[in-house]
Structure formats: structure tokens, C-alpha cells
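Report on the structure
Single-letter residue listing:
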Amino acid sequence: MSKGIYVATMEPNSGKSVVVLGLMRMLLGKTAKVGYFRPIIEDDKNGDLDNHINTVLSYFELDINYKKTFAFTRSEVLDLYNNGKAGKVIDEIIKKYKYLEDRFDIILVEGTDFSNENTNLELDINILISKNLGLPVIIVANGYKKPLDIIVDNTQLAYNTFKEEVKVLSIIVNKNNPDDVKTLKALLIGRIKENTNVAVIPTIKSLSSPTIKEISKALDGTILFGEDMLNNESEHFGVGAMQLRNYLTHLKDNTLVITPGDRADIILGALQANISKNYPKISGIVLTGGLIPEKSILKLIEGLSSIAPIISVKEGTFGVANAIGKIKSKIYAENTEKIETSIATFEKFVDTDKLSNDLITFESEGFTPRMFQYNLLQKALKDKKHIVLPEGYDERILRASARLIDAHVVDLTLIGDEDKILERIKKFDIPLDTSKVNIVSPQKSEHFEDYVDTFYELRKHKNVNLDMAKDMMSDVSYFATMMIYKGHADGMVSGAIHTTAHTLRPALQFIKTKPGVKIVSSVFFMCLDDRISIFGDCAINPNPNAEELAEIAISSAKTAQDFGIEPKVAMLSYSSGASGKGEDVDRVREATEIVMKKAPHIKIEGPIQYDAAVDMRIGKSKLPNSEVAGQASVLIFPDLNTGNNTYKAVQRETGALAIGPMLQGLNKPVNDLSRGCTTDDIYSTVIITAIQAQDF
């Protein structure tokens, strides 16, 4: 079952609240622990609580701290987008959502309220949020006073836009002409032609009519009478400018009377009509022009047995009438009548049984880079590790260190002369708090002599003497690796300046490989737009034989499992299945058979071509009975030439984030960076190294 559901609209004033309230009642009928989250709320200069949040929390008595129910205001999001920090928006939304996900069985997520500006941006943001949270979507459309063909076209366009990125569970078209409900529903079902729940809700007059409270707030009015009746709904409004005998004939049920404050005849006549059996009830009276009735009139009103709400506003009659006509009704926490009507309307026109079943059976197939990175960070935070970085003078290393320390995700040791490192930090204006970082110069370290002696004992059988050991321990890579060996650090990340050989040589000399593991291999986490794929081996082994390929596959499958990715292993070649012949494809076929014997629990397919491994349509056409074809998560390349070029091609052509290489098979985690790495690459590699260290 999905841990949440996302409600998104196509345009302003779609009646999203009706759907949210109905859904909340539906979800609470299935489980007691239902959470609520609004990623982006409207700005409120008065400091009022967001009305949507306040209404849901109050009516359903949800035990959630208000500040935990949203991430940003609209202006904060626009500011971050305008300053090139869109990624920060998604990261913070994921963080806030995950906090609630840990505490509730399911979360109802309500998308943005569309403004008439930035409509395209809001649509994109809603898709991006739902995709990164891995949630199915309910799309709410507005059919008010629109031709049926326009409603159908707009709804299909929105559906097609969303379904490219996320699963659409339901389409709900709100505020429709009651006479068109059946026809519109049939047209939508015929157009969509997929098993998507379609509902059409007619205009409900009591929900679309603004209350006296809303009118007073919009007009900045002063309440003179009837403060306990502000939830009265105004279905009609009319100006009382003619003589009373003529005006009375224009009254309708729940009419709002608009009249200048000095028209005592209209005021009193309307109040009398309100209590008369012969005339409709009025919803209230708006007195315009800033005019207040004389004291004698006010006293008369106070003495009436029954009155309606009366508010005074400063603007003139004509302007007030225009302003009232533009007011869009909202649902407030204290207006329980509208809330209950909303819920009843939802339950009447939406197939809640089907919607519930679709939600229960939904499983998210997407795993976005942002979600993956968030999960990495949370995993590393659960068991904080100490990572050593030998290249302490590099600007990228120092910037990544500042981010890591700020995130409190690892303890760090930088190798190098302290004065030189401090000088570099100052030169590049890097916000690194050096009081929280351990800086070590090898020859000045209190452990230096012990490290020399240890290395000598480990390597004397290779004709290493004490002088040679001292020279080796003066090297930053050897010193940092010895820190891991001696338990003074949990893992090492290097390679921003040094070669792969320089990084790995000391690890192979005395860290060595795990029991039963013959080779060290590598993987990249390829963070594609809609999934995370593991590529191996793209950095270490030039021409692995069948046994080595099999070991790379087994190690890579375990890595996938350790990082929350279901391993479905594709052994790549230039042919799929039994069709190909030749030494290279036979080697891949043999490696696949070895994996099946050594690790029969692993889902594996090979030989298989790249397109058949990742494209469901092609995979099923070539290997229809395969559990891996079209959905591979771990791709094992036949040699370094193929793997290295492919990962770089995918990275450059798709814009994918490539995290790694992460090394597999060592007794302690040591990871090698590319010399072209970025600060982000270093940051991510340190985090995966810390996660690796949790297994030792």
C-alpha cells in the first residue's frame, strides 16, 4: 500500500478542499493514523494559520504540530527558484514528508493553490513533488461554466502530463452543471480509456456561496450585529437602492442585501422580511459608504426578536457589489456545515471503494535521485562514522567537508599541514568550522611511529625495512589507510588528486580483500530521472574472466540490497538469450551460470543487451519469461572499456548524477574519486563510504 496520496489541481478554484476533506474521511475509515501535509502554502502577511491546514487539523482532530505540516510559503519557493536553488525545495519537502511518514500509516498530501500567475511552474512543481515522494496522484479539475469539449480536452492534457511521471489514481472534475454530470463522465471515460477512477461532481450551491465571514474579511468590514451568524451563506446578492416596496420583490433565499448605511428603510424592511413568513430569509446586510445608522435605528435593531448579520464597509455601493461578485468561497474550520456537505458530496459522487482498493494495491516503481540521496543521508545518520580524507589541500575536498560537517553526518579527519589547510580555507572563503574537524599531519601525528612499526611488521616479508616503512607512512594515502587498519577511522575517500593506483595500492597491501573475495571491483550509482541503476564494473577491472564477472555481479547485487535497491542483475553483452555466439558472449553466459549456482537467490539474466535490460517493451519481446528483462537495476558490463564509456555516455547525455565509484570487496571501505570530481561527488561518496563502514 502507498504511504501517501497526492491531490493536485490544474487551475485556480478547482474545489480541491471538497476532495481533501472527503479523502481524509475515507482514509480515517481505513486506519486511525492518518497524517496531513501541504508542501507549499500561501503567504499570509497577517500571520494567520494556513486555512487548509487549520481546517483539516481542527475538524479531524489530527495530532500533528502545525509547523510540521508544511515546508515553504509560495514566496519562499519562488525566491529559491529564482536563485537557482530549486533542488533545495525538493530536499526540504522530502525531509518534512519523511518525518510524517515515520509517524503515520498514510499521509494525505495537498498540492498548491494555483494562482493566476506561474501556472505552468506550479504544474511542474506539483508533478516534481509527487514524483519525488513516490506518491500516486488525484487530479482535480474545474468545470465551472465551461463547454464539455473544453473540459475533456483540458483534463486529458493534464492527465497525459502527469502520467508521464507519476501514477494517476483518479480524475475528479468539480463544479459542473448538474445536467451534464452523466454526459461528462461518459466523455471522460471514453477519452482516457484506462483504468483510472473518473468522478464528476456538480456545482453545490451551498459550497460555492461565500459566507458573511468571508465577505466581511474580503471587504475589511466591521461587524455591527450577528457575530454568531457569520457562517450564513450568501447564494445571491442585490443592491437596495430603490424604494422598499419595489426592493422586497427582488429578494431570494439567502440574499445578501447591499445598501448605503443611511437607508434605514431598506435595512429595517429587509430585517422584517427575514422574520416574515411571506418573504425569503436573507443571509445578511452590508452597509456601504462607511455610514452607520443613527442611534435610534440601532436601538430598534437591537430590540428585534431575530436579526441577520450586519456589517459596515467604507467603500461605495457600486464598488462593494463588484467586489462581492469576485469573492471565491472557502471552507473554514468553524464552518462545520460546509465541511460536512463537502464530505457528503465527495462520498456521493466518488467511488470510494475503488479508490481505496487502487490505493491499497499501488506500489511505487520510481525511486528518484533526490529520494535516494535523502535515504543515503538518513542511513548514514543512524550510525555516525569517522571518514579520513587524505587530500586536505584540495578546494573541492574542503567545500565537501564543510557540507558534511554542517549536516552532522560524519566525523572527519583531513590529512595535511594544519596551517596550510587553514590558509586554503581562508583563501577560498569556505565556511568550514575547523573546531569540528580533525586535522593531522602524518609526521607530526602521535601515532606516526606506531604506524611505521605496524607497516614494517606487515610488509617485512616483502623486504620492506624501517626506513622504507617511514617513507611510506609519510605518504598521505598510506597514512590514511593505516588509520583505517588501526581502527582510528572507519573509511577513506581519495582520488581527487591522486591516481586510482595510488589510492588502492596501500589498501590492497594491508587492508586486503574480504574472506572468500578474490577481486576488488567497483560500482556507480547512476541516478537517472526516474530510477537508480547500479553499473559495475566501470573503474577497476579491465578484462574480467567469467569467474571474476560472476564475483562482480554477486558483490554488486549485495551492494544494491544494502542500499535499498532490489537487485535484478543484467549480465550485459552484444546479444540477448541464446542467439549470440562467440568468445565474449560465451564468457558472459558462463558468468551468469556461475552466479546461478553460487547465489541462486539472485534474480539474474544474461547474456542480455542494454536496451532489453532497461526497456520493458524490448525486454519482453526478446525475453518474455525473464524476471529481469526490461527492469534491471544492476547492470554488469563485460569489460572496463564498455562499462566506463557507457556510464560516462549516460551521465553526459541524460544529465544523470553518477555517485562513485564505490569499491567492493575490501575488508574496510576505501573509495576512489575521479580527478574530475565535483564537490557534490565527494559529498555523496563520503556518505556511501560511511554507510559501507556500518557493516564492519
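Everything here concerns the structure above.
Summary of the structure given here. As the structure is a computational prediction, the values presented were derived from the model and not from experiment.

Rules used in this analysis
Residues numbered from 1 in each chain as written. Predicted model: local features only at pLDDT ≥ 70, side-chain atom pairs only at ≥ 80, totals over all residues. Heavy atoms only, no water. Polar contact = N/O pair within 3.5 Å; in protein donor to acceptor, adjacent residues only side chain to side chain. Helix = DSSP H or I, 4+ residues; strand = E, 2+ residues; numbered from the N terminus. Salt bridge = Lys/Arg side-chain N within 4 Å of Asp/Glu carboxyl O. Buried < 20%, exposed > 50% of the residue type's maximum accessible area, 1.4 Å probe, protein only. Expected span 1.5 Å × (residues − 1). Contact = heavy atoms within 4.5 Å. Pairing = 2+ DSSP bridges. Axes fitted to C-alpha atoms, helices over the stretch in contact; angles between N-to-C directions.

Each α-helix winds once per 3.6 residues, and so residues spaced three or four apart point in a common direction. Where helix H18 (residues 418-427) begins, the capping side chain belongs to Asp417, and its oxygen is found 3.2 Å from the backbone nitrogen of Asp419. Positive backbone phi, approximately 50°, marks Asp429, located one or two places after H18.

One pass over the structure, following the stated rule, counts 28 salt bridges. Where Glu42 meets Arg74, a salt bridge forms, and the shortest distance between an N and an O atom there is 2.7 Å. Linking Glu42 in the loop between strand S2 (34-41) and helix H2 (51-60) with Arg74 in helix H3 (residues 74-82), this pair joins segments that are 32 residues apart in sequence. The exposure class assigned to Glu42 is partly exposed, which follows from its relative accessible area of 30%. On the basis of relative accessible area, Arg74 is assigned to the buried category, the value being 14%. Residues participating in the shared-partner salt-bridge network are Lys16, Arg38, Asp50 and Glu110.

What follows deals with helix H24 (residues 583-598). Between the first and last C-alpha of H24 there are 22 Å, a value that for 16 residues agrees with the 22 Å anticipated at 1.5 Å per step. Within H24, the full set of buried residues consists of Val585, Arg587, Val588, Arg589, Ala591, Thr592, Ile594 and Val595. In the core, the buried residues of H24 are packed alongside helix H23 (546-562), strand S19 (568-572) and strand S20 (603-608).

Another point: the sheet that holds strand S7 (residues 197-202). Taken in spatial order, the 7 strands make up an open sheet running S3-S2-S4-S1-S5-S6-S7, and their pairing is parallel. For this open sheet the edge positions go to strand S3 (70-73) and S7, each flanked by a neighbour on one side alone. Across the sheet, the mean angle from the axis of one strand to that of its neighbour is 20°, orientation sign disregarded. Here H3 sits on the sheet in contact with S2 and S3, set at roughly 70° to S3. Against the sheet, helix H5 (residues 119-133) contacts strand S1 (4-9), S2 and strand S5 (137-142), and its axis sits at roughly 175° relative to S1.

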